[in-house]
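Summary of the model geometry
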Amino acid sequence: MSDLPPMLVALPILGAVATMLVGLVRSETGWPVAVLTSVLQVGAAGVLARGALRHGPVRYAVGGFAAPYGIELVVDGLSATMALLVASVALGVLAYARKAGPRSNPFYATYLLLVGGLTGISVTGDVFNMYVFLEISGLATYALVASGDRGESALAALKYLLVGTFGASLFLLGIGYAYVATGTLNMADLSAQLAEAGHTTPLVVAAFSLMVVGLFVKVAVFPLHAWQPTAYAGAPDTVSGLISALVSTVAAYALIRIVFTVFTVDFLHANPSAWRVLVAGSVASIVTGSLLAVSQSEIKRMLAYSSVSQFGLIVGAVAVANVTALTGAAIHLVGHAVMKGGLFLTTGTVAGETGARTVDDYGGLAKRFPAGSGVFGILAFALVGVPPAVGFVGKLYIVLGAIEAGAWLLASVIVGSTLLTLAYVARLVERMFFWEPEGEGRGDGGDGAKSASVLDEATGGEPGGASRGMKAAVLAAAVVAVVLGAAAFGYGQLIEPTILRLVS
Amino acid sequence: MDLLVSRFHYLVAFFLMGVGTFVMIGDRNLVKKVIGLNVFQTGIFLFFIVSGYVEGASPPLLTAPSPYVSPVPHVLILTAIVVGVSLTAVSLGLIVRIYRVYGTLDEALIREVRGDE
């Protein structure tokens with residue numbers, strides 16, 4: 001029972017090894033192993049989350065080495081939420097992946113490795129350990145992005161690898177600075193020692209800047225976002241669903257952890273320029289991400305740029321740095337993962353049914369594939385922040401937090417961003433529901449059309465091949481996005497003690 | 001000046017990082033970009049190693065006389081080197097695939113072949 005935190009990390013990694021071993025006996029057997037591992041993972045994360053949210057943080061010294069010297073795993077309400085989110089989304093995407101593929105065993109092994117890496121980032125209490133898990137999940141993501149058959153996937157993965165590794169290396173350099181300043185790597189110990197070393201000394205400020213900029217790359221905050229649309233659009237649909245939901249989300253969690261657990265709110269108060277960097281990154285991401293999303297013609301690229309803008313909101317909440325805004329950030333991280341992952345999977349399902357992949361293809365989609373259009377519409381409006389969906393609750397908390405802190409610029413940008421989000425969502429929804437289907441032959445797979453050929457390569461299946469599992473996964477995402485909206489206020493109260501501990 | 005001489009390891013570390021970044025951004029050849037990334041990481045490794053070094057100190061063994069060299073950065077960098085090797089392996093694998101599809105390693109030529117963006 002008390003060994004649950006390390007098991008949470010070890011389980012998916014062992015599952016990955018098992019998947020490879022089973023693959024030696026018989027190929028294309030990875031799916032059941034991955035499902036079994038994910039179910040166990042959801043259970044373990046659920047038990048841990050209940051304990052952490054009810055009774056406060058769970059601490060575990062790895063290998064029995066006590067805290068400041070050994071590696072410590074710390075599971076508080078926020079980490080438990082992330083671990084549970086990672087496990088559940090991974091399970092949901094697996095339902096989708098059964099038919100949509102890729103089906104090889106190495107794919108599922110990498111998939112589980114990614115789950116292990118992301119869970120590791122969520123539960124670790126040691127900065128260097130966090131770097132290692134950041135790289136493990138990074139490596140798994142690069143491999144997953146490249147798992148499509150097309151040359152474009154490999155190119156997108158390489159670009160992601162170069163930029164992502166550069167970001168992680170900056171993070172590592174930041175750890176080096178912090179280590180030189182304090183001589184410790186444990187997060188709790190670091191926060192005390194950094195305060196002692198002086199929050200305004202150049203060494204500490206440099207450590208903060210390097211770590212935050214490194215994580216900005218991983219989160220895809222505006223000027224450092226260039227890898228993200230290419231990677232999301234170049235990856236197979238299953239993979240875009242998984243990584244859009246989880247990878248940037250967990251990186252944003254890491255940002256919250258570094259800023260508040262390691263450097264603390266006092267650091268932000270002592271260094272207004274650090275605060276200004278966060279605000280600038282947030283505002284630039286929100287505005288530019290939305291504007292770029294409006295101008296895209298490919299659906300997956302549009303959704304990718306929309307992620308840039310949504311994570312601007314999270315960074316904004318970090319800059320506001322009060323309980324209300326950070327509760328909003330926690331809710332929005334979960335909500336965005338469900339909504340965006342669901343939207344990417346819906347895109348894949350729609351492409352499977354009709355071959356539509358661009359904004360123009362979506363004209364009159366409601367007549368050809370009503371269920372898919374309905375789900376897409378629900379998720380898209382949830383993303384805009386239409387109540388009662390979860391997108392509304394997250395944004396509400398963040399805006400209220402910003403007003404509470406007197407950050408009027410940020411509050412107005414966030415409210416304005418809702419209009420910008422509406423701009424690209426409404427454009428699409430209008431086409432889907434109120435336009436006549438254009439051209440013939442698209443319905444039966446768009447024979448010879450570019451979209452269909454792209455699809456064949458991307459999913460390895462033929463149009464009309466959206467399986468029941470795929471449809472069930474996207475439907476579940478839509479339902480969860482709405483239901484979570486109702487549950488979010490209760491969750492907000494549940495996580496408040498954790499957030500209070502974070503900002504005090 | 002005295003400071004420069006006593007701290008020149010750090011200068012070398014940052015010089016390596018600069019060179020690596022420059023190659024990674026400036027070169028059109030994909031393999032050289034990966035080499036640039038490696039050089040950049042090596043700079044960071046050197047930074048860590050140097051930070052643990054104490055002039056004239058002995059290795060951290062109970063039998064050796066103090067002062068000791070700090071062993072922690074060395075251990076960290078062992079891990080980081082393993083990460084770096086895996087990254088290089090993955091990136092080279094990707095480059096092999098890219099070369100098979102496009103028949104070139106020149107970034108600009110690939111962009112031309114794809115004809116978009």
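Residues numbered from 1 in each chain as written. Chains lettered and ligands numbered in written order. Predicted model: local features only at pLDDT ≥ 70, side-chain atom pairs only at ≥ 80, totals over all residues. Heavy atoms only, no water.

Considering the interface of chain A and chain B
- Every contact between the two is made by 33 residues of chain A and, on the other side, 35 residues of chain B.
- Across the chain A to chain B interface the summed buried area is about 2,800 Å²; carbon plus sulfur atoms make up 81%.
- Three residues stand out in chain A for area buried against chain B, namely Leu155(A), Leu158(A) and Leu162(A), and they jointly supply 19% of the buried area on that side.
- Where chain A touches chain B, the interface holds two residue pairs in polar contact (both at pLDDT 80 or more). (Contact = heavy atoms within 4.5 Å. Buried area = accessible area lost by both parts, 1.4 Å probe. Polar contact = N/O pair within 3.5 Å; in protein donor to acceptor, adjacent residues only side chain to side chain.)

Quick word on empty space enclosed by the protein
All names here are of chain A.
- The final tally for this structure, using the stated rule, is three cavities of 30 Å³ or more.
- Of the volumes computed, that of the largest cavity is approximately 50 Å³.
- Taken together, Leu 118, Ile 121, Leu 134, Ser 137, Gly 138, Tyr 160, Lys 218, Val 247, Val 250 and Ala 251 make up the full set of residues lining the largest cavity.
- Counting residues per element, the ones that place at least two in the lining of the largest cavity are helix H4 (105-123), helix H5 (127-145) and helix H10 (237-270).
- Of the residues belonging to the lining of the largest cavity, the class tally is seven nonpolar, two polar and one charged. (1 Å grid on protein atoms, 1.4 Å probe; cavity = no way out; pocket = protein on both sides within 12 Å on 5 of 7 lines; lining within 4 Å. Points joined across faces, edges and corners; volume = space filled by probe spheres on them. Helix = DSSP H or I, 4+ residues; strand = E, 2+ residues; numbered from the N terminus. Nonpolar A, V, L, I, M, F, W, Y, C, P; charged D, E, K, R; others polar.)

Quick notes on the packing of helix H9 (residues 227-234) of chain A against H10(A)
All names here are of chain A.
- Between H9 and H10, the least distance of the axes is 8 Å, while the angle of their chain directions is 145°. When you trace H9 past H10, the crossing you get is right-handed. Contact residues: H9 offers Trp 227, Gln 228 and Tyr 232, while H10 offers Ser 240, Ile 243, Ser 244 and Ser 248.
- Broken down by class, the residue content of the contact of H9 with H10 amounts to three nonpolar, four polar and no charged. (Axes fitted to C-alpha atoms, helices over the stretch in contact; angles between N-to-C directions. Left-handed = near helix turned anticlockwise from the far one by under 90°.)

Things to note about the pattern of salt bridges
- One pass over the structure, following the stated rule, counts seven salt bridges over all chains.
- When the shortest N-O distance is used, the salt bridge between Arg28(B) and Asp106(B) registers 2.8 Å. Of the two residues, Arg28(B) is situated in the loop between helix H2 (8-26) and helix H3 (30-52) and Asp106(B) in the loop between helix H4 (72-102) and helix H5 (107-114); the sequence distance between them amounts to 78 residues.
- The exposure class of Arg28(B) is partly exposed, given its relative accessible area of 46%.
- Connected through shared salt-bridge partners, Asp237(A), Lys300(A) and Arg357(A) make up one network. (Salt bridge = Lys/Arg side-chain N within 4 Å of Asp/Glu carboxyl O. Buried < 20%, exposed > 50% of the residue type's maximum accessible area, 1.4 Å probe, protein only.)

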